[in-house]
Amino acid sequence: MHLNREEEKILNGEMGEAKRKAMEIIVKLGDFFGAERTIEIDNAHISGISYKNIGDPGIDFLKKFSEERVMVKTTINPIGFDLDFPEFFSTDNSFISKQMEIVNIFKKMGVSPSLTCTPYYIDEIRGKQHIAWAESSAIVYANSIIGAMTNRESGISALASAITGKSAYYGLHLKEGRMATHRVILDFKPSHFEHSVIGLYIGLNIKNGIPYIKGVSGNLDALKSLGASMNSTGSIPMFHAEGITPEWREAGEGGEIIHIGREDIHALRESYSIDTDPDAVMIGCPHLSVDELLAIAEYLKNRRVKDKKRLLLFTSRHIRNKIPSVISEIEKRGAKVFSDTCMVVSPLSSDYVSVGLSSGKATFYLGREKIKVVFADMETLMGMVTYED
Ligand code: F3S
């Protein structure tokens, strides 16, 4: 990969060891993927910052960069608990202090402590902007809905880009890296929830690639769930939703054609769900938007959470602070709204034998942890743990 003089200086260690390491990561990636040069990025988002996921080796790795400042606006993913209610998630003081150590390293580096997987609700990211995002659900949203350009970065490569302000120029940063590889045709009009199951189906059947999808809804929250799901069963950095993705007309024909019928989606949902009465319903993977919280508040207007049941909702602090009266209406009905964390990256779910989930992504990951999952739409799930007032 060609480097300019400044980049060479960084790689030679003339700007410090942390920057050298960061540039080395970018060069290695660029060489591996055949990039000719680097590209300046405007924004970075780092995932994999929950102590539950990265443990002590992750802290040791981050410490190597702690003296450096990030060069671009950088946000970070959720952590293992809500900063206001750590004890609700863990009574282990060491878990809490190690998690805070991670957050403080990032703060020292000038990273915004956003603690959300929906950074696109915080910073305005525009179409054609080059960014370096980790967190698969956010990557697919940025590429497919906003039309920004990011590869499927890991937490480590996104950190390297944040520190250098650069990414290797390959893959999704190039027009030819964004062409459709498959054509997916929905033979039915899917509900909001069914998008989540369709995402799982596409991920299972395509694995790696970029689908052009005909027949999805224009609802951004449904598309958010679709993208998150397809990145749990597969590794899909973007999709072209016909009529929605800014560049859908330029996506090409795609290769293999895949038809999906409602019966495929029903069968797949059933394969992930068990028939039981869940102890807790958890909604907000990815983190809930304003519209989703408004819909939940509306549903709960004349309902209350049953004794011995839990309705736990997850959103970003940014969204929570935008609509305090809606949050308080929801909590008056007995539900709890949490920020900074989620049901997957916190240890919370292991407190329950069975949970109700409407997210394909959360269902996929918690199912692997051997938690019994009822996988259904939000209203069905909320109906299971609430009663009419
Ligand atoms: Fe976000 Fe947690 Fe789901 S980080 S995408 S809510 S697994």
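Bear in mind that the values here come from a model prediction, so they are computed numbers and not experimental data. (Residues numbered from 1 in each chain as written. Predicted model: local features only at pLDDT ≥ 70, side-chain atom pairs only at ≥ 80, totals over all residues. Heavy atoms only, no water.)

**Q** Could you give an account of unusual backbone geometry, naming the residues involved and the relevant values?
**A** Following Cys-285, the chain continues into Pro-286 via a peptide bond in cis, with omega recorded as -10°. Tracing the sequence through the fold places Pro-286 in strand S10 (residues 280-288). Unusually for a residue other than glycine, Lys-370 sits at a positive phi of about 70°. By the secondary structure assignment, Lys-370 is in the loop between helix H14 (360-368) and strand S15 (372-375). (Helix = DSSP H or I, 4+ residues; strand = E, 2+ residues; numbered from the N terminus.)

**Q** Outline the packing of helix H6 (residues 136-146) against helix H9 (residues 220-233), supporting the account with residue identities and numerical values.
**A** Relative orientation of the contacting elements H6 and H9 amounts to 125°, with a least axis distance of 8 Å. For the element pair H6 / H9, the angle class is oblique. Like other packed secondary-structure pairs, H6 and H9 cross with a definite hand, here right-handed. Here H6 contributes Ser-136, Ser-137, Val-140, Tyr-141 and Ile-145 to the contact with H9, which in turn contributes Leu-220, Leu-223, Lys-224, Gly-227, Ala-228 and Asn-231. When its residues are assigned to classes, the contact of H6 with H9 shows 6 nonpolar, 4 polar and 1 charged. (Axes fitted to C-alpha atoms, helices over the stretch in contact; angles between N-to-C directions. Parallel < 35°, antiparallel > 145°, perpendicular 65-115°, else oblique. Left-handed = near helix turned anticlockwise from the far one by under 90°. Contact = heavy atoms within 4.5 Å. Nonpolar A, V, L, I, M, F, W, Y, C, P; charged D, E, K, R; others polar.)

**Q** Which residues make up the site of the ligand, and what values go with them?
**A** With respect to spatial proximity, the complete set of residues near the ligand consists of Pro-78, Cys-117, Glu-135, Ser-137, Gly-284, Cys-285, Pro-286, Cys-342, Val-344 and Lys-361. Per element, the largest residue contribution to the shell around the ligand is 3 residues, and it comes from S10. When the residues that make up the shell around the ligand are grouped by side-chain class, the tally is 6 nonpolar, 2 polar and 2 charged. Counting only domains with at least three residues in the shell around the ligand, you end up with domain 1 (5-175) and domain 3 (273-388). (Near = heavy atom within 4 Å. Domains from an automatic or database assignment.)

**Q** Hey, could you go over empty space enclosed by the protein for me, with residue numbers and the actual values?
**A** Counting across every chain of the model gives 1 cavity of 30 Å³ or more. Reported here for the largest cavity is a volume of approximately 40 Å³. As for the largest cavity, its lining consists of Ile-26, Leu-29, Glu-153, Ser-157, Ser-161, Ser-167, Ala-168 and Tyr-170. A per-class count over the lining of the largest cavity returns 4 nonpolar, 3 polar and 1 charged. (1 Å grid on protein atoms, 1.4 Å probe; cavity = no way out; pocket = protein on both sides within 12 Å on 5 of 7 lines; lining within 4 Å. Points joined across faces, edges and corners; volume = space filled by probe spheres on them.)

**Q** Can you explain the pattern of salt bridges? Please cite residues and give values.
**A** What the rule picks out here adds up to 27 salt bridges. A salt bridge links Glu-7 to Lys-166, with the nearest nitrogen and oxygen atoms 3.2 Å apart. Within this pair, whereas Glu-7 is found in helix H1 (residues 5-11), its partner Lys-166 is found in strand S5 (residues 166-168), the two being separated by 159 residues in sequence. With a closest N to O distance of 3.1 Å, Asp-82 and Arg-317 form a salt bridge. With Asp-82 in the loop between strand S3 (73-76) and helix H4 (86-89) and Arg-317 in helix H12 (residues 317-322), this pair connects stretches of sequence that are 235 residues apart. Look at the salt bridges and you will find they share partners, linking Glu-17, Arg-20, Lys-21 and Glu-24 into a network. (Salt bridge = Lys/Arg side-chain N within 4 Å of Asp/Glu carboxyl O.)

**Q** I'd like a rundown of the nonpolar core, residues and numbers included.
**A** Counting 113 residues, the largest nonpolar core has Phe-106, Ile-260, Met-282, Leu-311, Ile-330 and Met-343 as the members making the most contacts within it. Look past the residues within four positions of Ile-260 in its chain and what remains in contact with it is Val-184, Ile-185, Leu-186, Asp-187, Phe-188, Ile-198, Tyr-201, Ile-202 and Ile-265. (Core = buried A, V, L, I, M, F, W, Y, C linked by side-chain atoms within 4.5 Å. Buried < 20%, exposed > 50% of the residue type's maximum accessible area, 1.4 Å probe, protein only.)

**Q** Break down the side chain of Gln-129 for me, citing the residues and quoting the values.
**A** As for its placement among the helices and strands, Gln-129 is situated in the loop between helix H5 (93-108) and strand S4 (132-133). If near-sequence neighbours (up to four positions away) are discounted, Gln-129 is found in contact with Asp-42, Glu-124, Ala-148 and Met-149.

**Q** Quick one: what's the story with the domain arrangement of the protein chain, residue by residue and with numbers?
**A** Split into domains, the protein chain comes out as domain 1 (5-175), domain 2 (179-270) and domain 3 (273-388). For domain 2 and domain 3, the distance between their C-alpha centroids amounts to 24 Å. Each partner contributes to the interface: domain 2 provides 14 residues, whereas domain 3 provides 16 residues. Here domain 2 packs against domain 3, burying approximately 1200 Å² in sum over the two surfaces, 58% of which is carbon and sulfur. (Buried area = accessible area lost by both parts, 1.4 Å probe.)

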